[in-house]
Amino acid sequence: MKQQGAHPEDTEGTPDASSRPDTAAPETAHIDEVEGDEPLLPARVHRPSDLMRLLAGVLAVVVLLAIAAFAHGTTSGLEQDINKGTGQAPDLLIKIAGLASSIAILLVPVAFAIERLIKRDGLRIADGVLAAVLAHGVTLATDLWVARAAPDSIQEALTQPSPGDIHALTDPVHGYLAPVIAYMTAVGMSRRPRWRAVLWVVLLLDAFSMLVTGYTTPFSIILTVLIGWTVAYGTLYAVGSPNVRPTGRTLMAGLRTVGFRPVTASRVESGDASEAGDRGRRYFVTLEDGPPLDVTVVDREQQAQGFFYRAWRNLALRGFATRSSLQSLRQALEQEALLAYAAIAAGANAPKLIATSELGPDAVMLVYEHSGGRTLDSLPDEEITDELLRDTWHQVRALQSRRIAHRRLVGDAILVDRSGTVILTDLRGGEIAAGDLLLRMDTSQLLVTLGLRVGAERAVVSALSVLGPDTVADCLPMLQPIALSRSTRGTLRQLARERAQREREAVLEAYRQSKPARAEHGAHQVVLDKPDKKAVRAEQRAEKRAVDEAMEEAREEDLLTQIRHEVLRIRPQAPVEPARLERVRPRTLISFIAGAIGAYFLLTQLTHIEFGPLIENAEWGWVVAAVLFSAASYVAAAMALLGFVPERVPFVRTVAAQVAGSFVKIVAPAAVGGVALNTRFLQRAGVRPGLAVASVGASQLFGLGCHILMLLAFGYLTGTEKTPSLSPSRTVIGGLLTVAVLVLVVTSVPFLRKFVVTRVRSLFAGVVPRMLDVLQRPQKLITGIGGMLLLTACFVMCLDASIRAFGDETTSVSIASVAVVFLAGNALGSAAPTPGGVGAVEATLTVGLIAVGLPKEVAAPAVLLFRLLTLWLPVLPGWLAFNHLTRKAAL
């Protein structure tokens, strides 16, 4: 026996729940001992609630400044009304309030610090001091910003002429009040009602006296409070809050308060940490007089784990998908107790709840009779019999007969005792009076859980024997990753990666096996000196056929597809179309946010341009040339893609697909949308999925190489065009040295090297064989590389024509400079997460053109015309082409 907290847990000596006797411990055991050294709790924890308050404070500050900036009339009227009301206050009252608040604003923090130090809570005082220092720094920065850079409307809302000096302005933020608020918030004032009341009285007195005497404005006071509050919670989240989670000894003391006489308690580790969430910590407890207990402790910190994941699920999925993302402890206690009693009343085998209690203000415990046994995940394959599978389904059917949804039927929630009886645990996330969709989600989840252990066929057969074919067939629309648990989705992704790796290895092996035959045939042709084109083509077809056969043999169906096929054998008419469970998809949300950002950047650019004089002075001949160069870029893009596709693909339809990409770029990042669309197009054109991905990957890889080489070449020319010698500019040399240093750092640091190699290996595994296929057809390679060069030339000429449309001979720049600016802007646009690189490309191109000597009056409209021709105007024809290709089943 070892005392809790002596050192980190020695897992080798920790007994497992499955190996514990169902008898009481000997009476000679010592009270209050914790077996196996419970893991030491961290001294500090980062609370999601602090982060949420930080974000709420930042949002409130932004809203306040927005109101001050755009609602000038409202702010002025509010200040006049307050000044009129406070002007009637008696002078004696004003002086008393000012004196009392000035003294109290200093005494209250000191008194609270003394009180905390007496109770040996110095860590909180240190947190408060740090928050106060940071708040003071933020107030100084805010004062400096308001005085020198803020719009006039914000300055008028936060300041006014000082009563003592009409030529000076009052402080926008109170440098002494914000630190006090940050200090009192960080030390935990909210949990002490008396101190909190005193603080609010002091703050109100200080605000009243400052308003009446004219040393502040209402918006200044509100901003001061928000800054202090926000900085405090930001500090608490950054450094962490003191951990007050109950320990094993606290648990044993709590058990004695509800009538038990515990001897020892040992921590039982959860099977899956990724979904621990609010499941709580589990303990095995032996008693002096009676069978052992299983105790679950739920505290605020444990309950807050996975908060952001559950919050996103609440936002993204429909209302039935998840419960409240963060329950109170009382709600969690009542939820689990209700479900435990309801499950037993329904006839299902579930742990029997015999007691509940609070463990202080931040934790609760639930006491169950000890079940013993092992989880389904820990059982060896030979012990998972058909009878065990049917028993599992009987327990689920008992729950569903009373409309109870378990919501987490994974392997570690299914317990098998020594007699082989199945017990369903982890009911806290369940639902009573559940709808049909939740019950069908339970069925699909258990099908996948059992399928991962015994295969799709046995899982489906066992479900059919208990639930019947109709019930099992009804769950097929729920058989999709979004409806499954987090751990199950992770397992399915891992299996998918392993299947893809096996397919790649099979293709490479088939290619390696065909290599000797090619070498022998090539040597034979050299000896005869009579190369036979038909024989070469026949050899290439045979090689392609061997690779296709290898891929076909290596191709495996995923588990969800296998389950669907097994069910459809019994019910061919069963619905298989996945149900729409998502309220909003991540890509939709990202596209909406990115589109809003893009629209903001576009509108801000348009508002600063006078279109009347601009259109009158434009050279329309160069505008037409820019339009033609923009249109020619789609032909070049089609050539750049088809050059890396040995299969025959219609050229005209490929051009249409590139036009459709103009629409896709608006709803997805530039580096993602085009790749996905081209891959889908090649698959629909008859190219196998793996080869389609490899072709697009090869095109992207060659495009990246050409882009870098052209950027270096044009950068060299730009650096030498103004000098008589051919020595490169310092900027080019600096860029090359920077790249070299980065490469050396990546290759020398093991972590970075492993990260890069892992990401690149999957690309080269499929691209290299594809490139070897292309190299056997020089005309294809010439088409691909020529298309890339032509694509870059079209964009450079389009940008140059746009510049000439608004400039004259005195404002022209060289083609090399335009090429460098375009290549840099295009690279940044590909890396930007916004659709089409909106915002990043415009800013880069404008700044770049100004840097190479183009006036701002010409650079801004030229970039706007270029982006209109290459991004915005092609959206409508792109949408039409996208719909046309979709109707023709080409996308």
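A brief report on the enclosed structure follows. (Residues numbered from 1 in each chain as written. Predicted model: local features only at pLDDT ≥ 70, side-chain atom pairs only at ≥ 80, totals over all residues. Heavy atoms only, no water.)

1. Section: the overall build of the protein chain
Scanning the protein chain for helices and strands turns up 32 helices and eleven strands. The 891 residues of the protein chain split such that 45% are buried. Taking all contacts inside the protein chain whose residues are at least 6 apart in sequence as the whole, residues at least 24 apart take part in 77%. Total accessible area computed for the protein chain in this model is approximately 44,700 Å², and 63% of it derives from carbon and sulfur atoms. (Helix = DSSP H or I, 4+ residues; strand = E, 2+ residues; numbered from the N terminus. Buried < 20%, exposed > 50% of the residue type's maximum accessible area, 1.4 Å probe, protein only. Contact = heavy atoms within 4.5 Å. Areas by Shrake-Rupley, 256 points an atom, 1.4 Å probe, with all protein chains shown as cover.)

2. Brief notes about the nonpolar core
Judged by nonpolar contacts, the single largest core of 45 residues is most densely connected at Trp393, Leu447, Val448 and Ile563. Broken down by secondary-structure element, the contributors of at least two residues to this core are helix H12 (329-345), helix H13 (386-401), strand S10 (414-416), strand S11 (422-424), helix H14 (436-454), helix H15 (456-467), helix H16 (469-474) and helix H19 (559-570). Element by element, the count of residues in this core is highest for H15, at seven residues. Ignoring anything within four residues of it in the chain, the contact list for Trp393 reads Thr443, Leu446, Leu447, Leu450, Ala459, Ser462, Ala463, Val466 and Leu467. Counting residues in hydrophobic clusters, the runner-up holds 34 residues, among them Ala640, Leu799, Leu823 and Val863. (Core = buried A, V, L, I, M, F, W, Y, C linked by side-chain atoms within 4.5 Å.)

3. Some remarks on the pattern of salt bridges
Pairing between side chains becomes possible if they bear opposite charge and their charged atoms approach one another. Considering all chains together, one arrives at 14 salt bridges under this definition. One salt bridge connects Arg261 with Asp289, and the closest N-O pair in it is separated by 3.9 Å. Of this pair, Arg261 sits in the loop between helix H9 (248-257) and strand S4 (262-268) while Asp289 sits in the loop between strand S5 (281-287) and strand S6 (293-299), and the two are 28 residues apart along the sequence. Judged by relative accessible area, which is 51%, Asp289 ranks as exposed. Between Asp800 and Arg804 there is a salt bridge; the shortest N-O distance is 2.7 Å. Taken as a pair, Asp800 and Arg804 lie in helix H28 (residues 778-806) at a separation of four residues, close to a single helical turn. Asp800 sits in the buried class, given a relative accessible area of 4%. Judged by its relative accessible area of 32%, Arg804 falls in the partly exposed class. (Salt bridge = Lys/Arg side-chain N within 4 Å of Asp/Glu carboxyl O.)

4. Remarks on the packing of aromatic side chains
Counted under the stated rule, the structure contains four aromatic pairs. Geometrically, the ring pair formed by Trp229 and Tyr233 is edge-to-face, given 5.1 Å between the ring centres and 75° between the ring planes. Residue Trp229 and its partner Tyr233 are both found in helix H8 (residues 218-239); the two are separated by four residues, about one turn of the helix. Residue Trp229 is classed as partly exposed on the basis of its relative accessible area of 28%. Judged by relative accessible area, which is 9%, Tyr233 ranks as buried. Aromatic side chains Phe822 and Phe866 sit 6.2 Å apart centroid to centroid with 85° between the ring planes, which places their arrangement in the edge-to-face category. Taken as a pair, Phe822 in helix H29 (residues 815-831) and Phe866 in helix H31 (residues 856-872) lie far apart in primary sequence, 44 residues in all. With respect to burial, Phe822 and Phe866 carry one shared label: buried. (Phe/Tyr/Trp six-rings, centres within 6.5 Å; stacked < 30°, edge-to-face > 60°.)

5. Side note on the sheet that holds S11
Spatial ordering of the open sheet is given by S9-S10-S11, a layout of three strands whose pairing is antiparallel. At either margin of the open sheet sits one strand with a lone partner, and together these are strand S9 (374-375) and S11. As judged from the three bridges shared by S10 and S11, these two strands associate in the antiparallel manner. Its bridge partner being in S11, Leu415 is matched across the sheet by Ile423. Contacts between H13 and the sheet are confined to S10 and S11, with S11 contributing the most and set at about 35° to the helix. (Pairing = 2+ DSSP bridges. Axes fitted to C-alpha atoms, helices over the stretch in contact; angles between N-to-C directions.)

6. Some thoughts on the side chain of Ser444
Checked against the element boundaries, Ser444 lands in helix H14. Look past the residues within four positions of Ser444 in its chain and what remains in contact with it is Cys475, Met478, Leu479 and Leu484.

7. Structural notes on the environment of Asp474
Secondary-structure assignment places Asp474 in helix H16. Taking relative accessible area as the criterion, Asp474 reaches 39% and is therefore assigned partly exposed.

8. Some remarks on the environment of Val454
Within the secondary structure, Val454 is located in helix H14. Residues Val454 and Ile384, spaced 70 residues apart in sequence, show a C-alpha to C-alpha distance of 7.8 Å. In contact with Val454, other than residues within four places in its own chain, are Ile384, Leu389 and Ala459.

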